[in-house]
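Residue-level listing of the chains:
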Amino acid sequence: MTDKNYIHIMAFRTELDEDTPDKEPLHIDSIAEEGDWRTDVQNIINENLPKHHAVFLEDDLGTDLSGFTF
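Quick caveat, the model's predicted, so the values are computed rather than measured. (Residues numbered from 1 in each chain as written. Predicted model: local features only at pLDDT ≥ 70, side-chain atom pairs only at ≥ 80, totals over all residues. Heavy atoms only, no water.)

Time to look at helix α2 (residues 37-48). Here α2 is 12 residues long and its end C-alpha atoms lie 17 Å apart, about the 16 Å a rise of 1.5 Å per residue gives. Taken as a whole, α2 has its buried residues at Trp 37, Val 41, Ile 44, Ile 45 and Asn 48. Looking straight down α2, one finds that the buried residues subtend no more than 100° of arc, so they occupy a single side. Among the structural elements, β1 (6-12), β2 (26-32) and β3 (54-58) are those in contact with the buried residues of α2. (Helix = DSSP H or I, 4+ residues; strand = E, 2+ residues; numbered from the N terminus. Expected span 1.5 Å × (residues − 1). Buried < 20%, exposed > 50% of the residue type's maximum accessible area, 1.4 Å probe, protein only. Arc of directions from axis to C-beta. Contact = heavy atoms within 4.5 Å.)

Structure, rendered in structure tokens:
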């Protein structure tokens, strides 16, 4: 079995949620870094951005991937 790296698409519903330190972000989806995963991640972001205050990416360790470019 091979270990895969995953990109986790996360979101905060409101600005208040984002500004509340103990408020956990919503986990929208996880995409394995294989195949056309960049397009899959971008499509999920585009679909969810209008519904949430902020949509962002994290890796398996919870590292913020805001600087990630497609």
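The subject of this paragraph is the pattern of salt bridges. This model, assessed by the stated rule, comprises two salt bridges. The closest approach of N and O atoms between Lys 4 and Glu 34, which form a salt bridge, is 3.3 Å. Taken as a pair, Lys 4 in the segment before β1 and Glu 34 in the loop between β2 and α2 lie far apart in primary sequence, 30 residues in all. One salt bridge connects Glu 47 with Lys 51, and the closest N-O pair in it is separated by 3.9 Å. (Salt bridge = Lys/Arg side-chain N within 4 Å of Asp/Glu carboxyl O.)

Let us look at the pairing of β3. Of all five residues making up β3, five are buried, and the element is well covered by its neighbours. The side-chain alternation of β3 yields two buried faces, one formed by Ala 54, Phe 56 and Glu 58 and the other by Val 55 and Leu 57.

Moving on, we come to the nonpolar core. Membership of the largest hydrophobic core is limited to 11 residues, which are Ile 7, Ile 9, Ala 11, Ile 31, Trp 37, Val 41, Ile 44, Ile 45, Val 55, Leu 57 and Leu 65. Element by element, the count of residues in this core is highest for α2, at four residues. (Core = buried A, V, L, I, M, F, W, Y, C linked by side-chain atoms within 4.5 Å.)

Our focus in this paragraph is the pairing of β1. Of all seven residues in β1, six are buried, a share of seventy percent or more. Where β1 meets β2, six bridges bridge the pair, whose relative direction is antiparallel. If you follow Ile 9 over to β2, its bridge partner there is Asp 29. When β1 meets β3, the two strands line up antiparallel, connected through five bridges. When the sheet's bridge partners are listed, Phe 12 is paired in β3 with Ala 54. (Pairing = 2+ DSSP bridges.)

Let us now look at the environment of Leu 65. Its place among the elements puts Leu 65 in the segment after β3. Those residues in contact with Leu 65, other than ones at most four positions away along the chain, are Ile 7, Leu 57, Glu 58 and Asp 59.

Time to look at the environment of Leu 49. Locating Leu 49 in the fold gives a position in the loop between α2 and β3. Leu 49 sits 36 residues away from Arg 13 along the chain, and the two C-alpha atoms are 9.9 Å apart.

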